[in-house]
Amino acid sequence: MVHVPYDYINVLEPVATQRENAVDELLHRLERYTSDEFTAAQAQEYLKLIIDIYEAGAEPLAEWYSAAHFVHGRSLSQLGRELGSSYETTRNYIARSHPNVNITRIRAARHAIAAEENQLLERAVLNWSYHNPGRPGEEAERIFGIDKQRMLHLLDNRAKMHYSLARHNPQNMQRWSDKEIMSMLCSWWSQEEIHSGSSFSRWSAERGGPTAQTVALRFGKWSAALEKAGLTNGSSSYRYYPRYREEDLWAALIEYLRSTQLSYSYKGFARYCSQHAGMPSAASLRRRVGMSWSALLEDAKSIIAGTYTGREPEWVADVMRPRVWELINPTKAKPSQRDHETTAYAALSHYLEDTGARKIVAAAYDRWSRMHGEPRATTLTHTTGKKWSELVAAAGATTGTRGGEGISHEKILEDLVAYAAIAQRWKSEEYRRWAREEGRTSLTTVLERCGGWQKALLMLAQHKGLIDPRPVYDKTPEQSKTA
């Protein structure tokens with residue numbers, strides 16, 4: 001039998017007391033977490049408390065062991081095998097550790113942390129994307145340590161800036177033999193007057209042939225392909241268009257892709273060009289270059305990222321050079337924001353002077369604008385970028401009776417009486433149209449303030465002194481009056 005000195009036994013007592021006090025303190029802090037709703041910071045503290053309580057030696061051991069290791073990511077099945085218990089028993093272990101600890105709450109806390117981390121990661125990935133347009137997505141995968149599938153999800157609409165999303169057949173490059181390409185080049189040269197790469201791409205696409213880019217990649221560069229085909233006799237009749245060279249069109253696309261956008265689509269490019277004075281149209285690029293949007297996007301991305309092949313360095317430097325578009329095409333200079341606003345306010349002032357109205361309702365204004373040659377309401381809001389209510393307020397008027405909190409019953413009754421004076425039948429839909437055209441209290445407000453159309457008509461009937469105050473839908477109001 002081993003003899004343990006009494007003095008050493010006494011030393012254990014304060015140690016045990018300290019441990020119990022530490023556990024009690026941690027358990028006291030755990031009392032705050034009675035909800036399954038967490039912020040990321042609360043979730044981190046909650047999960048850390050469970051682990052700290054287990055590591056502080058809390059009892060019962062099996063329960064806190066299960067809870068702590070479930071927080072660490074062990075499944076209930078794994079924990080059950082370790083403890084020699086069933087799936088349900090392990091779940092009960094965790095639930096019995098503390099009233100504020102259960103499977104649902106732990107998962108909610110882990111979800112809150114994961115959501116916060118995902119938001120931070122998404123922000124970082126998009127920031128990388130904005131500063132590295134055209135760079136391959138594989139670089140970001142290595143930087144952030146995530147796989148391609150998750151990177152595509154985080155990039156969302158910007159994924160096309162870093163991945164080739166079109167189906168690609170690596171055998172396409174060998175779809176045509178060198179001899180076939182030479183034959184197509186000779187046929188194109190003899191049939192077309194303009195001997196440029198875009199001209200060949202258009203001609204070839206109509207016959208199911210390769211693009212000029214494919215030809216350039218096959219033979220190193222476009223000029224080398226023409227030389228090999230014996231077509232460098234200086235008889236090229238390449239035509240420069242009045243305003244934009246082909247390099248200018250590519251430069252417009254490069255500028256768009258280097259701007260900060262959530263996604264890059266053909267419609268988005270067209271909108272971008274329309275918003276910048278002097279820029280060529282998106283249609284000009286697609287028509288002149290003769291390539292699909294996806295092909296244009298892939299080429300432009302490689303140029304921006306410096307991973308291009310088959311392009312002359314001088315040509316690349318040219319298309320990467322920023323343009324002052326107003327100098328290239330002054331005739332396409334667009335009105336400024338101030339010009340658009342001045343036009344809008346002048347049109348609205350003209351309407352107020354001509355009609356004598358105090359309010360401007362869009363539908364009534366549109367009918368007037370068609371007769372007086374002024375822009376429509378949607379045109380004014382689109383060109384100025386302002387809401388209709390903002391334009392009307394700036395013109396010194398009001399938009400009508402949208403939102404009826406401040407409208408009195410007397411005002412509602414006044415509008416109902418005015419409607420009854422011109423209406424053949426007291427119908428809600430007829431009132432809706434009339435009120436919208438005349439700038440009166442809207443039907444929605446009437447229904448909300450009166451408690452329904454029936455009660456609104458009852459109020460109107462009583463005001464007009466009808467014998468039968470009930471609203472009439474199938475006969476005219478005059479039939480209910482006293483003889």
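Residues numbered from 1 in each chain as written. Predicted model: local features only at pLDDT ≥ 70, side-chain atom pairs only at ≥ 80, totals over all residues. Heavy atoms only, no water.

Peer 1: Summarise the layout of surface pockets; cite the residues concerned and give the values.
Peer 2: Approximately 610 Å³ is the volume found for the second largest pocket. Around the second largest pocket, the lining comprises 24 residues; the ones closest to its centre are Gly197, Trp222, Glu246, Arg311 and Trp315. Broken down by secondary-structure element, the contributors of at least two residues to the lining of the second largest pocket are helix 10 (197-205), helix 11 (212-219), helix 12 (222-228) and helix 13 (246-258). Grouping the constituent residues of the lining of the second largest pocket by class yields nine nonpolar, nine polar and six charged. (1 Å grid on protein atoms, 1.4 Å probe; cavity = no way out; pocket = protein on both sides within 12 Å on 5 of 7 lines; lining within 4 Å. Points joined across faces, edges and corners; volume = space filled by probe spheres on them. Helix = DSSP H or I, 4+ residues; strand = E, 2+ residues; numbered from the N terminus. Nonpolar A, V, L, I, M, F, W, Y, C, P; charged D, E, K, R; others polar.)

Peer 1: Describe the environment of Arg258, naming the residues involved and giving the relevant values.
Peer 2: For Arg258, the location among the structural elements is in helix 13. Arg258 sits 125 residues away from Pro133 along the chain, and the two C-alpha atoms are 6.4 Å apart. Beyond its immediate stretch of four places on either side in the chain, Arg258 contacts Ile304 and Met320. (Contact = heavy atoms within 4.5 Å.)

Peer 1: Please provide a residue-by-residue account of helix 16 (residues 293-305), values included.
Peer 2: Between its first and last C-alpha, helix 16 extends 18 Å over 13 residues, near the 18 Å set by a 1.5 Å rise per residue. Restricting attention to buried positions, one finds in helix 16 the residues Trp293, Leu296, Leu297, Asp299, Ala300, Lys301, Ser302, Ile303, Ile304 and Ala305. Buried residues along helix 16 sit in contact with helix 11, helix 13, helix 14 (266-274), helix 15 (282-289) and helix 17 (313-320). Once helix 16 ends, the next one or two residues include Gly306, with phi positive near 80°. (Expected span 1.5 Å × (residues − 1). Buried < 20%, exposed > 50% of the residue type's maximum accessible area, 1.4 Å probe, protein only.)

Peer 1: Which residues make up the pattern of salt bridges, and what values do they have?
Peer 2: Side chains that differ in sign of charge can pair as their charged atoms come close. Per the stated rule, a full pass over the model turns up 21 salt bridges. A salt bridge links Arg245 to Glu247; the nearest nitrogen and oxygen atoms lie 3.6 Å apart. Measuring nitrogen to oxygen at the nearest pair gives 3.2 Å for the salt bridge that ties Arg432 to Glu429. Separated by three residues within a single helix, Arg432 and Glu429 lie in helix 24 (residues 428-438), roughly one turn from each other. The class of Arg432 is partly exposed, set by a relative accessible area of 28%. Salt bridges linked by common partners bring Arg245, Glu247, Asp248, Asp318, Arg321 and Arg323 together as one network. (Salt bridge = Lys/Arg side-chain N within 4 Å of Asp/Glu carboxyl O.)

Peer 1: So what's going on with the environment of Asp156? Residues and values would help.
Peer 2: You can see Asp156 is positioned in the loop between helix 8 (148-155) and helix 9 (178-191). For Asp156, a relative accessible area of 53% gives the class exposed. Once the C-alpha coordinates of Asp156 and Glu122 are considered, the two residues, 34 residues apart in sequence, prove to be 9.8 Å apart.

Peer 1: If you had to explain the packing of aromatic side chains to someone new, which residues and values would you point to?
Peer 2: If you walk through the whole model with that rule in mind, you get 22 aromatic pairs. Ring geometry for Phe38 versus Tyr46: centroids 5.2 Å apart, planes at 40°, classification tilted. Both residues of the pair, Phe38 and Tyr46, count as buried. With centroids separated by 5.7 Å and ring planes inclined at 55°, the aromatic side chains of Tyr419 and Trp434 adopt a geometry described as tilted. You can see Tyr419 sitting in helix 23 (residues 409-422) and its partner Trp434 sitting in helix 24, a full 15 residues away along the chain. Each member of the aromatic cluster is reached from another via a ring pair, and the members are Tyr256, Tyr264, Tyr266, Phe269, Tyr272 and Trp293. Directly above the aromatic system of Phe70 lies the positively charged group of Arg110, at a separation of 4.9 Å from the ring centroid. Cation over ring: Arg311 sits above Trp250, and NZ or CZ is 5.2 Å from the ring centre. (Phe/Tyr/Trp six-rings, centres within 6.5 Å; stacked < 30°, edge-to-face > 60°. Lys NZ or Arg CZ within 6 Å of the ring centre and 35° of its normal.)

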